[in-house]
Amino acid sequence: MTAQIAVLNGDYIGPEIMAAGLKVLAAVTENQNFDYALHPVPFGGEGIDKMGDPLPASTLATCKQADAVLLSAIGGPKWDKAKRRPETGLLEIRKALNLFANIRPTVISPAMRQYSPIKNEDPVDFVIVRELTSGIYFGTPRETHETYALDTMRYTENEIERIVKVGFDMAMKRRKHVTLVDKANVLDTSKFWRKITARIAADYPEVTYDTSYVDAASMKIIADPGQFDVILTENLFGDILSDEAAQITGSLGTIPSMSKGTDGPALYEPIHGSAPDIAGQGIADPLSMIKSVAMMLANSFDRQDLSDTIMTAVDKSIDDQIVTPDLGGTSTTDEVTDTIIKTIKKVG
Ligand code: ATP
Ligand code: MG
């Protein structure tokens, strides 16, 4: 079977780091019994420029037929005055592919330790599993009146169940611990999450499960991040905590993410934006995209081996100080990418 991969190149540094990710994909799969076909399609700003739409129908059709979607960063000042902004394509594609689970790893590897503001030496390796298509960002009514405004935090049983299962399934592949982060001392939605999570936890006897209020959890992510394995949380809390977690790893330019539904393709992308300030200079950090490729190989194609090969090569490049300026280095995007590929070829 040939793996079908939709490729959304993105804007500004998007195409630069996508090229790096695809070069690494080609190198790591060489002679590894992994066949794939790439389907590049316009999206975001490129979609607006070429087809007048951030998510053209043909792009969505290609994504729906694919086994996985690789997306780079989109948007930027070029489309500030566009009728529809590139970012609207992101919300639409998440909805259309029903990507209700957003998964962000937070790892401080020995190689990255020097860049982290966290000074205790405990290993840090957790993932945030964030609900992505419901909660207060989508709940109705939302209204603005003369003297008040309101948003609605709403979750159905089904919406909670499916994300909780993603969290516990993820824990089974890891250190088997889930922390539900909520505000159950105040919010009814949080109490409802607890009830459903406790019920589902009973189906996973090997997984230990605890809860933390979001205010306490945000302190622990700084004070003692080593205690977490899987952080399971709703949309708003997950949005905030995942940006906080990104900061403790030392660089935005190194972090990948995955968004998935129940069936259909998962989508892999860097967590950062299109970095217009450094576009075209050849100095964008490609690690976020290269690690997105690694996440895709492990999660969509069951090739943990190839994923590990990439991650080991990434860590070696950091250890050897072959890094872009965001990590204090002087290497270019191409130099970092070629160094990683050289390591992969030696190992493979
Ligand atoms: P968005 O609203 O799309 O999230 P943003 O305003 O948060 O965008 P980013 O594009 O994420 O901004 O960039 C924030 C800063 O981080 C910028 O200075 C940018 O140059 C830097 N940055 C982001 N990604 C990378 C990368 N891959 N390599 C180097 N620097 C990066
Ligand atoms: Mg941002």
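Since we're looking at a predicted model, the values are computed, not measured.

Peer 1: How should I be thinking about the overall build of the protein in this particular structure?
Peer 2: Across its full length, the protein carries 11 helices and 12 strands. In terms of C-alpha radius of gyration, the protein reaches 20 Å, essentially the compact-globule figure of 20 Å for 348 residues. With respect to the principal axes defined by its C-alpha atoms, the protein has extents near 50 × 50 × 40 Å. Among the 348 residues that make up the protein, the fraction classed as buried is 46%. A separation of at least 24 residues holds for 75% of the contacts in the protein among residues at least 6 apart in sequence.

Peer 1: Can you help me understand the UniProt feature "domain: Isopropylmalate dehydrogenase-like" (unreviewed entry) in the protein in this one?
Peer 2: When the UniProt feature table is mapped onto this chain numbering, "domain: Isopropylmalate dehydrogenase-like" (unreviewed entry) sits at residues 4-340. Secondary structure across residues 4-340 divides into 40% helix and 18% strand, with the first and last C-alpha atoms of the span separated by 24 Å.

Peer 1: Explain the site of ligand 1 to me, please; I cannot follow it from the model alone.
Peer 2: Around ligand 1 sit 15 residues, and of these Gly253, His272, Gly273, Ala275 and Asp285 come closest. Residue composition of the shell around ligand 1, by class: six nonpolar, six polar and three charged.

Peer 1: I would appreciate a short explanation of the nonpolar core in the present structure.
Peer 2: Most often, soluble globular proteins keep nonpolar side chains buried together rather than apart. Of all hydrophobic cores here, the largest spans 90 residues; its most connected members are Val24, Leu70, Val129, Ile290, Val293 and Ile310. Counting contributing residues per domain, this core is built from domain 1 (1-97 + 270-348) and domain 2 (99-263), each supplying no fewer than three.

Peer 1: How do you make sense of the pairing of strand S11 (residues 256-260) when you look at a structure like this?
Peer 2: Side chains on a regular strand alternate between the two faces of the sheet. Taken across its five residues, S11 has five buried, putting it largely inside the fold. Pairing between strand S4 (residues 101-108) and S11: three bridges, direction antiparallel. Across the sheet, residue Asn102 finds its bridge partner in S11, namely Ser259. The pairing of S11 with strand S12 (residues 266-270) spans four bridges and is antiparallel. Paired with Ser257 across the bridge in S12 is Glu269.

Peer 1: Explanation requested: the packing of helix H9 (residues 287-299) against helix H10 (residues 304-319) in the structure shown.
Peer 2: When two helices pack together, their arrangement is given by the angle between the helix axes and by the axis-to-axis distance. Packing of H9 against H10 brings their axes to within 7 Å, and their N-to-C directions diverge by 160 degrees. Our classification of the angle between H9 and H10 gives roughly antiparallel. Crossing hand, H9 versus H10: left-handed. Contact residues: Leu287, Ile290, Lys291, Val293, Ala294, Met295, Leu297 and Ala298 in H9; Gln304, Leu306, Ser307, Ile310, Met311 and Val314 in H10. For the contact of H9 with H10, the residue count by class is 11 nonpolar, two polar and one charged.

Peer 1: Looking at this structure, how should I read the environment of Ala57?
Peer 2: Within the element layout of this structure, Ala57 appears in helix H3 (residues 57-65). Taking the C-alpha atoms as reference, Ala57 lies 45 Å from Ile118; in sequence the two are 61 residues apart.

Peer 1: Teacher, can you tell me more about helix H2 (residues 44-51) here?
Peer 2: Owing to its 3.6 residues per turn, the α-helix aligns residues three or four sequence positions apart on the same side. Looking at H2, one finds that the buried residues are Gly44, Gly45, Glu46, Gly47 and Ile48. Where the residues of H2 are buried, they touch H3 and helix H4 (88-96).

Peer 1: Got a minute to help me understand the domain arrangement of the protein in this structure?
Peer 2: Interface size is often expressed as the accessible area that is lost when the parts come together. If you check the domain split of the protein, you get domain 1 (1-97 + 270-348) and domain 2 (99-263). With 19 residues of domain 1 in contact, the opposing surface of domain 2 contributes 19 residues. Elements that contribute at least two residues to the side of domain 1 that touches domain 2 include exactly H4, H9 and H10. No other element matches H9, which puts six residues into the side of domain 1 that touches domain 2. In the side of domain 1 that touches domain 2, the residues fall into seven nonpolar, five polar and seven charged.

Peer 1: Looking at this model, I keep getting lost on the environment of Trp79. Mind explaining?
Peer 2: With respect to the secondary-structure elements, Trp79 resides in the loop between strand S3 (68-71) and H4. Its 19 C-beta neighbours within 10 Å are what place Trp79 among the partly exposed residues. Sequence separation between Trp79 and Gly14 is 65 residues, and the spatial gap between their C-alpha atoms is 15 Å. Each residue touching Trp79, except ones within four places of it in the same chain, is listed here: Gly45, Ile48, Arg85 and Pro86.

Peer 1: What exactly am I supposed to notice about H9 here?
Peer 2: Helix length check: H9, at 13 residues, gives a terminal C-alpha distance of 18 Å against a target of 18 Å (1.5 Å per residue), a fit within 8%. Counting buried positions over the 13 residues of H9 gives 11, a clear majority of the element. Those residues of H9 that fall on the buried side of the exposure criterion are Leu287, Ser288, Met289, Ile290, Lys291, Ser292, Val293, Ala294, Met295, Met296 and Leu297.

Peer 1: I keep staring at the sheet that holds S11 and nothing clicks. Help me out?
Peer 2: Neighbouring strands of a sheet are bound in pairs by backbone hydrogen bonds; such pairs are parallel or else antiparallel. Strand order across the open sheet formed by 10 strands is S2-S1-S3-S12-S11-S4-S5-S10-S8-S9, with mixed pairing between neighbours. The open sheet has two edge strands with one neighbour each: strand S2 (36-40) and strand S9 (208-213). Sheet twist, expressed as the average angle between the axes of neighbouring strands with direction ignored, equals 25 degrees. Sitting on the sheet, helix H5 (residues 157-172) touches S4, strand S5 (124-131), strand S8 (177-182) and strand S10 (230-233), and the angle it makes with S5 is about 165 degrees. Against the sheet, H9 contacts S3, S11 and S12, and its axis sits at roughly 160 degrees relative to S12.

Conventions we followed
- Residues numbered from 1 in each chain as written.
- Chains lettered and ligands numbered in written order.
- Predicted model: local features only at pLDDT ≥ 70, side-chain atom pairs only at ≥ 80, totals over all residues.
- Helix = DSSP H or I, 4+ residues; strand = E, 2+ residues; numbered from the N terminus.
- Rg over C-alpha atoms; globule rule 2.2 N^0.38 Å.
- Buried ≥ 20, exposed ≤ 12 C-beta atoms within 10 Å, placed from the backbone.
- Contact = placed C-beta atoms within 7 Å.
- UniProt positions renumbered as here; feature names shortened; annotations may be inferred.
- Near = placed C-beta within 6 Å.
- Nonpolar A, V, L, I, M, F, W, Y, C, P; charged D, E, K, R; others polar.
- Core = buried A, V, L, I, M, F, W, Y, C linked by C-beta atoms within 7 Å.
- Domains from an automatic or database assignment.
- Pairing = 2+ DSSP bridges.
- Axes fitted to C-alpha atoms, helices over the stretch in contact; angles between N-to-C directions.
- Parallel < 35°, antiparallel > 145°, perpendicular 65-115°, else oblique.
- Left-handed = near helix turned anticlockwise from the far one by under 90°.
- Expected span 1.5 Å × (residues − 1).

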